[in-house]
Amino acid sequence: MNQNIIVIGAGLAGTCVAYELAQRGNQVTLLDRAAQPASGASGIPMGILMPFLADIDSAAKSVYAQGFQTSLNWLQRIEDVGEGNIFERTGAIQIPRHRRLKRLFDSNSELDFGVRCGSTALSQKAGIQISEPGFWVMQAGCVRIPDWIRWMLQHQAIDFKPDVDVTELQWDKKWRVKTRNRSFDADAVVIANARDHLSLQQSAWLPGERVRGQVVYVKDRTSTMNAVVCGDGYVTPSFDGIQVIGASFDHGMDNMNVNRHQNLLMLKRVQSWLPDFQWQPEDCVSGRVGFRFSTPDRLPIVGQLPRFDELQSAGERAISHFDPSSIPYYEGLYVSLGHASRGTLTCPLAAEILADLIDQPAIAPGSQFKRALEPIRFLRRALIQSNP
Ligand SMILES: Cc1cc2nc3c(=O)[nH]c(=O)nc-3n(C[C@H](O)[C@H](O)[C@H](O)COP(=O)(O)OP(=O)(O)OC[C@H]3O[C@@H](n4cnc5c(N)ncnc54)[C@H](O)[C@@H]3O)c2cc1C
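Cut-offs used in this document
- Residues numbered from 1 in each chain as written.
- Predicted model: local features only at pLDDT ≥ 70, side-chain atom pairs only at ≥ 80, totals over all residues.
- Helix = DSSP H or I, 4+ residues; strand = E, 2+ residues; numbered from the N terminus.
- Buried ≥ 20, exposed ≤ 12 C-beta atoms within 10 Å, placed from the backbone.
- Pairing = 2+ DSSP bridges.
- Axes fitted to C-alpha atoms, helices over the stretch in contact; angles between N-to-C directions.
- Contact = placed C-beta atoms within 7 Å.
- Near = placed C-beta within 6 Å.
- Nonpolar A, V, L, I, M, F, W, Y, C, P; charged D, E, K, R; others polar.
- Domains from an automatic or database assignment.
- Core = buried A, V, L, I, M, F, W, Y, C linked by C-beta atoms within 7 Å.
- Expected span 1.5 Å × (residues − 1).
- Arc of directions from axis to C-beta.
- Parallel < 35°, antiparallel > 145°, perpendicular 65-115°, else oblique.

Asker: I'd like to hear about unusual backbone geometry, residue by residue, with values.
Answerer: With an omega dihedral of -25°, the bond running from Gly-246 to Ala-247 counts as a cis peptide bond. Its place among the elements puts Ala-247 in the loop between strand E17 (242–246) and strand E18 (250–251). Positive phi, normally seen in glycine, also occurs at Lys-173, with a value near 65°. Within the secondary structure, Lys-173 is located in the loop between strand E10 (168–171) and strand E11 (175–178). The class of Lys-173 is exposed, set by 8 C-beta atoms lying within 10 Å. You will see that Asp-240, though not glycine, has its phi angle at about 55°, which is positive. Of note, Asp-240 is situated in the loop between strand E16 (233–235) and E17. On the basis of neighbour count, Asp-240 is assigned to the exposed category, with 6 C-beta atoms found within 10 Å.

This is the structure:
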């Protein structure tokens, strides 16, 4: 180890990678074009750390199960050194509002992370009236994402540089990371700038969608509530007199301003499954808008970046010789992207995967869940579809 590594993007994805690399003895420079860390999607004050509830084995189930355990371990270690304010172990109630969760609820009394409960038991756990049955997820909770990021940035081996807008990456035995008027050299680079990876030539081919999201902060009217309640959206318990209600999913919208009308719609939506909640429009204190980057298969993109240009021309040969040694990768170039709505669940896991890869690049990704996250999966699928 002991490499000089640049990470682009000081959101949760980039900061987790920077932290893990620093912990393993590397010197990390973390660049962000904003003046502060956590200026993108990671700026929401509270994120729900909620496992993925599933019964049938799938890549997603395996990734999110690993991710949940990894995040819990990371947050536990922070608590162990006396920082008790980042993770609120509230537990969460999942009311099955959608078809997938309804099927899950009808066919399982217990899942890996959740247990089916009637409305009376759920009301006791939540400290408020819940009128429908659902799952109780004991280990879930609320994470103060910006505080988590600031805590990791205290690591001595991380040099955080704000106001650095990366525009270009060049390889010449080392990586040269360029802005309009500066450049930084590194042995390896991790791109963790969410949807803005499009502006960098090496990663621009990675597919995905930018999805606007808004959360609303409301004055606490339910001070007895002590667990997160998820239905069609989520509501947190009160912290410092404010509850967070989230989140909208707005496809094709680019507006950064908090939309008051949307705040009211979110309140109304929550009241449809939590009828006892009686917030008034004047209870909306404010809100926040962020942009998630979501991939076509909804899983994050984590791994070494293949050379898109060379792989395209390799065509059928790339499929038939689909072993890691036949894939042309950029040396020392990695991504942690596409964390969508589940960054608290996937960013620490992504950081560990990348640190392993950077440690020992010769070792193939290996396990099935890691392969499900590799950037190259999109090319593999596209090539297979065009060569049925
Ligand atoms: C409204 C909303 C609610 C959410 N709720 C939850 C939740 O309850 N639970 C949960 O787990 N997740 C939630 N999420 C998702 C979570 O916020 C994201 O998964 C996570 O924050 C993604 O982190 P990131 O680092 O990938 O992206 P970001 O936090 O967006 O970070 C990317 C960073 O890259 C920087 N950057 C971009 N381009 C460049 C460049 N060229 N040069 C330098 N820097 C650059 C940006 O300034 C930014 O700081 C929510 C998201 C939204 C929007």
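Asker: Mind laying out the sheet that holds strand E2 (residues 27–31), listing which residues take part and the relevant values?
Answerer: Paired through backbone hydrogen bonds, the strands of a sheet run either parallel or antiparallel to each other. The six strands lie next to each other as E9-E2-E1-E13-E21-E20, forming an open sheet whose pairing is mixed. Every interior strand has two partners, whereas the edge strands, strand E9 (158–161) and strand E20 (301–306), have only one. The average undirected angle you get between the axes of adjacent strands in this sheet is 20°. Together, strand E1 (4–8), E2, E9, strand E13 (188–191) and strand E21 (329–337) form the strand contacts of helix H1 (residues 12–23), whose direction differs from that of E2 by roughly 170°. Sheet contacts for helix H8 (residues 343–359): E1, E13, E20 and E21; angle to E21, the most-contacted strand, approximately 170°.

Asker: I'd love a proper account of the sheet that holds E10, names of residues and values included.
Answerer: Taking strand neighbours across the sheet as the criterion, the three strands line up as E10-E11-E12 in an open arrangement whose pairing is antiparallel. Of all strands in the sheet, those bounded by a partner on one side alone are E10 and strand E12 (183–186). This sheet shows a mean twist of 20° between the axes of neighbouring strands, independent of strand direction.

Asker: With reference to specific residues and values, describe the site of the ligand.
Answerer: In the vicinity of the ligand there are 40 residues, among which Gly-11, Gly-40, Gly-213, Gly-290 and Gly-343 approach most closely. Elements represented by at least two residues in the shell around the ligand include exactly H1, strand E3 (47–49), strand E14 (209–219), strand E19 (284–294) and H8. Split by residue class, the shell around the ligand holds 17 nonpolar, 17 polar and six charged. Two domains each put at least three residues into the shell around the ligand: domain 1 (4–42 + 147–206 + 296–386) and domain 2 (92–138 + 209–292).

Asker: Go over the nonpolar core with me, naming the residues and quoting the values.
Answerer: When a protein is soluble and globular, its nonpolar side chains tend to lie buried together. Ranked by internal contacts, the top residues of the largest apolar core, which has 108 residues, are Val-17, Val-189, Val-190 and Leu-354. No other element matches the 10 residues that H8 contributes to this core. Among the domains, domain 1 (4–42 + 147–206 + 296–386) and domain 2 (92–138 + 209–292) are the pair contributing at least three residues each to this core. Dropping the residues within four chain positions of it, Val-17 is found in contact with Val-7, Val-190, Ala-192, Ser-336, Ala-350, Ala-351 and Leu-354. In this structure, Phe-308, Leu-311, Ile-327 and Leu-379 belong to the second largest nonpolar core, which totals five residues.

Asker: Tell me about the domain arrangement of the protein, and please be specific about residues and values.
Answerer: Interfaces are often sized by the accessible area lost when the parts come together. One can read the domain layout of the protein as domain 1 (4–42 + 147–206 + 296–386) and domain 2 (92–138 + 209–292). Counting residues at the interface gives five residues for domain 1 and four residues for domain 2. When the residues that make up the side of domain 1 that touches domain 2 are grouped by side-chain class, the tally is two nonpolar, two polar and one charged.

Asker: Summarise helix H6 (residues 260–273); cite the residues concerned and give the values.
Answerer: One turn of the α-helix equals 3.6 residues, which is why residues spaced by three or four share an orientation. For H6, which comprises 14 residues, the first-to-last C-alpha distance of 21 Å matches the rise-based estimate of 20 Å (1.5 Å per residue) to within 8%. Every buried residue belonging to H6 is among Asn-263, Met-266, Leu-267 and Val-270, and all of these are buried. Each buried residue of H6 lies within a common arc of 100° when the element is viewed along its axis, so the set occupies one face. Turned more than 90 degrees away from the buried face of H6 sit His-261, Lys-268 and Ser-272, all of them exposed. Packed against the buried residues of H6 are E14, E16, E17 and E19.

Asker: Please provide a residue-by-residue account of the packing of helix H2 (residues 59–80) against H8, values included.
Answerer: The geometry of a pair of packed helices is captured by two quantities: the angle between their axes and the separation between those axes. Interhelical geometry of H2 versus H8 gives an angle of 85° and a closest axis separation of 7 Å. Our classification of the angle between H2 and H8 gives roughly perpendicular. Contacts from Tyr-64, Gln-66, Gly-67, Phe-68, Thr-70, Ser-71 and Trp-74 of H2 reach H8 at Thr-344, Leu-345, Thr-346, Pro-348, Leu-349 and Glu-352. Looking at the contact of H2 with H8 residue by residue, the class counts come to six nonpolar, six polar and one charged.

Asker: How would you summarise H2 if you had to cite specific residues and measurements?
Answerer: The terminal C-alpha atoms of H2 lie 32 Å apart, and with 22 residues this matches the ideal 32 Å at 1.5 Å per residue to within 8%. Here H2 has its buried residues at Val-63, Tyr-64, Gly-67, Phe-68, Thr-70, Ser-71, Trp-74 and Leu-75. Looking at the buried residues of H2, the elements they touch are E3, strand E4 (87–88), H8 and helix H9 (368–371). At the exit of H2 stands Gly-82, carrying a positive phi of roughly 95°.

Asker: Just give me the short version of the environment of Ala-41, but keep the residues and values in it.
Answerer: Along the chain, the position of Ala-41 falls in the loop between E2 and E3. With 248 residues separating them in the primary sequence, Ala-41 and Val-289 have C-alpha atoms 7.7 Å apart. Excluding anything up to four places from it in sequence, Ala-41 contacts Gly-11, Ala-194, Gly-290, Phe-291, Arg-292 and Gly-343.

Asker: For the pairing of strand E7 (residues 134–137), give the residues involved together with the corresponding values.
Answerer: Two strands pair when backbone bridges link them, and strand E5 (residues 92–94) and E7 are joined in this way by three bridges, in the antiparallel orientation. Bridging across to E7, Ala-92 finds its partner in Val-137. For strand E6 (residues 115–117) and E7, the ladder comprises three bridges, and the chain directions are antiparallel. Residue pairing across strands places Arg-116 opposite Phe-135, the latter belonging to E7.

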